[in-house]
Amino acid sequence: MPEFGALIDGYYRFRAGNYTAQKRRYDNLDHDGQHPPVMVIGCCDSRVDPATIFDTVPGQMFVLRNVANLVPPYQPGQGLHGASAAIEFAVVDLEVRHIVVMGHGKCGGITAALKNEDRGAPGPSFIDDWIRIIDEGRDRVIERCKADPSIDAQRALEHEAIRISIRNLRTFPYVAEHEADGTLKLHGCWFAISEGELHVMDNETEEFHPA
Ligand SMILES: [Zn+2]
């Protein structure tokens, strides 16, 4: 099983290459702590690494990745909330100035949501529960596709999931507060894998256009 060895080989390249080239940056980040101006919420999918797509440097982005880049609504006191904890930390402690929700093409989580059947492990499934965040959006997309079969349901739900996540972000009181006073901006993006193309959501129309 050479896969873990490949990671260690990559680490040796990093040590000799990027780490050495950016030694001063790493020293400063170690000494001064992190002050990333941007939070990115992306999918776990191995093909859509935000640091690669946005070509960032260490310390520039606070990244949360989960299945289908979803944000749950603000629901304190109901279980363990990894996504919500990361959002709280980014907004309250780090005071990020932008949150970018980045979806992508061929998203397996969105495909699972569209199928609307038992989706993860047999019986109780974390995926089933998680994907329920976009149930309402899925029903809307299916209705729209019935009326207009030319609509690409997969892409329509990938876009809709980003809109729902941005709306859910606004249910967090500190997100709403910082957005209202102009210190925080919310953005939607969608990345097409084979084209390597980023589409950005227009905040007025909520439609996506190539950057
Ligand atoms: Zn995905």
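Not measured: the values here are computed from a predicted model. (Residues numbered from 1 in each chain as written. Predicted model: local features only at pLDDT ≥ 70, side-chain atom pairs only at ≥ 80, totals over all residues. Heavy atoms only, no water.)

Asker: A description of the domain arrangement of the protein chain should follow, citing residues and the corresponding values.
Answerer: Segmenting the protein chain into domains produces domain 1 (1-33) and domain 2 (34-210). Centre-to-centre separation of domain 1 and domain 2, based on C-alpha positions: 29 Å. Carbon and sulfur atoms supply 63% of the area that domain 1 and domain 2 bury against each other, a total of about 440 Å² over both sides. A per-residue breakdown of the area domain 1 buries against domain 2 is headed by Arg25, Leu29 and Gly33, which together make up 67% of the total. Across the contact surface, domain 1 and domain 2 share 0 salt bridges. Across the side of domain 1 that touches domain 2, the residue classes tally to 2 nonpolar, 2 polar and 2 charged. (Domains from an automatic or database assignment. Buried area = accessible area lost by both parts, 1.4 Å probe. Salt bridge = Lys/Arg side-chain N within 4 Å of Asp/Glu carboxyl O. Nonpolar A, V, L, I, M, F, W, Y, C, P; charged D, E, K, R; others polar.)

Asker: Residue-level account of the nonpolar core, with values.
Answerer: Counting residues in each nonpolar core, the largest one holds 26 residues, and the members touching the most others are Met39, Ile41, Ile87, Ile99, Leu169 and Val175. The set of elements that each furnish at least two residues to this core consists of strand E1 (38-43), strand E2 (61-66), helix H4 (82-93), strand E3 (98-104), helix H8 (153-169), helix H9 (173-180) and strand E4 (185-192). Broken down by element, the residue count for this core peaks at 5 residues, all from H4. In this view, Val175 contacts Ile87, Val91, Leu169, Arg170, Leu184 and Leu186; residues no more than four positions away in its chain are not counted. (Core = buried A, V, L, I, M, F, W, Y, C linked by side-chain atoms within 4.5 Å. Buried < 20%, exposed > 50% of the residue type's maximum accessible area, 1.4 Å probe, protein only. Helix = DSSP H or I, 4+ residues; strand = E, 2+ residues; numbered from the N terminus. Contact = heavy atoms within 4.5 Å.)

Asker: Before we move on, could you go through helix H1 (residues 3-21) and cite the residues and values that matter?
Answerer: With 19 residues, H1 should cover 27 Å at 1.5 Å per step; its first-to-last C-alpha distance of 26 Å lies within 8% of that length. Where H1 bends most, at Phe14, the angle is about 45°. (Expected span 1.5 Å × (residues − 1). Bend = angle between axes of the 7 residues up to and from the residue.)

Asker: Break down a nonpolar patch on the surface for me, with residues and values.
Answerer: On the surface, Phe4, Leu7, Ile8, Tyr11, Tyr12 and Phe14 cluster together into a nonpolar patch covering about 630 Å² of accessible area. Note that Phe14 resides in helix H1. Note on Phe14: relative accessible area 31%, which makes it partly exposed. (Patch = residues over 30% accessible without salt bridge, like charges linked within 9 Å, V, L, I, M, F, W, Y side chains within 5 Å. Areas by Shrake-Rupley, 256 points an atom, 1.4 Å probe, with all protein chains shown as cover.)

Asker: An account of the packing of helix H7 (residues 135-147) against H8 is requested, with residue identities and associated values reported.
Answerer: Axis separation between H7 and H8 bottoms out at 9 Å; the angle between their running directions is 145°. Classified by chirality, the crossing of H8 by H7 is right-handed. Residue-level contacts link Gly137, Arg138, Arg140, Val141, Arg144 and Cys145 of H7 to Ala153, Ala156, Leu157, Glu160, Ile164 and Arg167 of H8. Of the residues that constitute the contact of H7 with H8, the class distribution is 6 nonpolar, 1 polar and 5 charged. (Axes fitted to C-alpha atoms, helices over the stretch in contact; angles between N-to-C directions. Left-handed = near helix turned anticlockwise from the far one by under 90°.)

Asker: I'd love a proper account of the pairing of E3, names of residues and values included.
Answerer: Summarising burial for E3: 6 of the 7 residues are buried, a large majority. In terms of strand pairing, E1 meets E3 through 4 bridges, oriented parallel. From the neighbouring strand, Val40 faces E3, where its bridge partner is Val100. Sheet topology note: the E3/E4 ladder contains 7 bridges and is parallel. Counterpart to Val101 in the pairing with E4 is Gly188. (Pairing = 2+ DSSP bridges.)

Asker: Summarise the coordination of the zinc ion; cite the residues concerned and give the values.
Answerer: Looking at the zinc ion, one finds its protein donor set to be Cys43 (SG), His104 (NE2) and Cys107 (SG), positioned 2.0 to 2.2 Å from the metal centre. Site description for the zinc ion: donor spacing in sequence, C-x60-H-x2-C. Residue Cys43 is located in strand E1, and its partner Cys107 is located in the loop between E3 and helix H5 (108-115); the two are separated by 64 residues in the primary sequence. Each member of the pair, Cys43 as well as Cys107, carries the same accessibility label: buried. (Donors = N, O, S within 2.8 Å, 3.2 Å for Na, K, Ca; no water.)

Asker: Now, about the pattern of salt bridges: what can you tell me, with residues and values included?
Answerer: Counted by the stated rule, this structure contains 12 salt bridges. The salt bridge partner of Glu160 is Arg140, with a shortest N-O separation of 2.6 Å. On the criterion of sequence distance, the pair formed by Glu160 in helix H8 and Arg140 in helix H7 is long-range, its members being 20 residues apart. Taking the shortest distance from any N to any O, the salt bridge between Glu143 and Lys146 comes out at 3.3 Å. Taken together, the residues Glu143 and Lys146, both in helix H7 and 3 residues apart, mark about one turn of the helix. Since its relative accessible area comes to 48%, Glu143 is described here as partly exposed.

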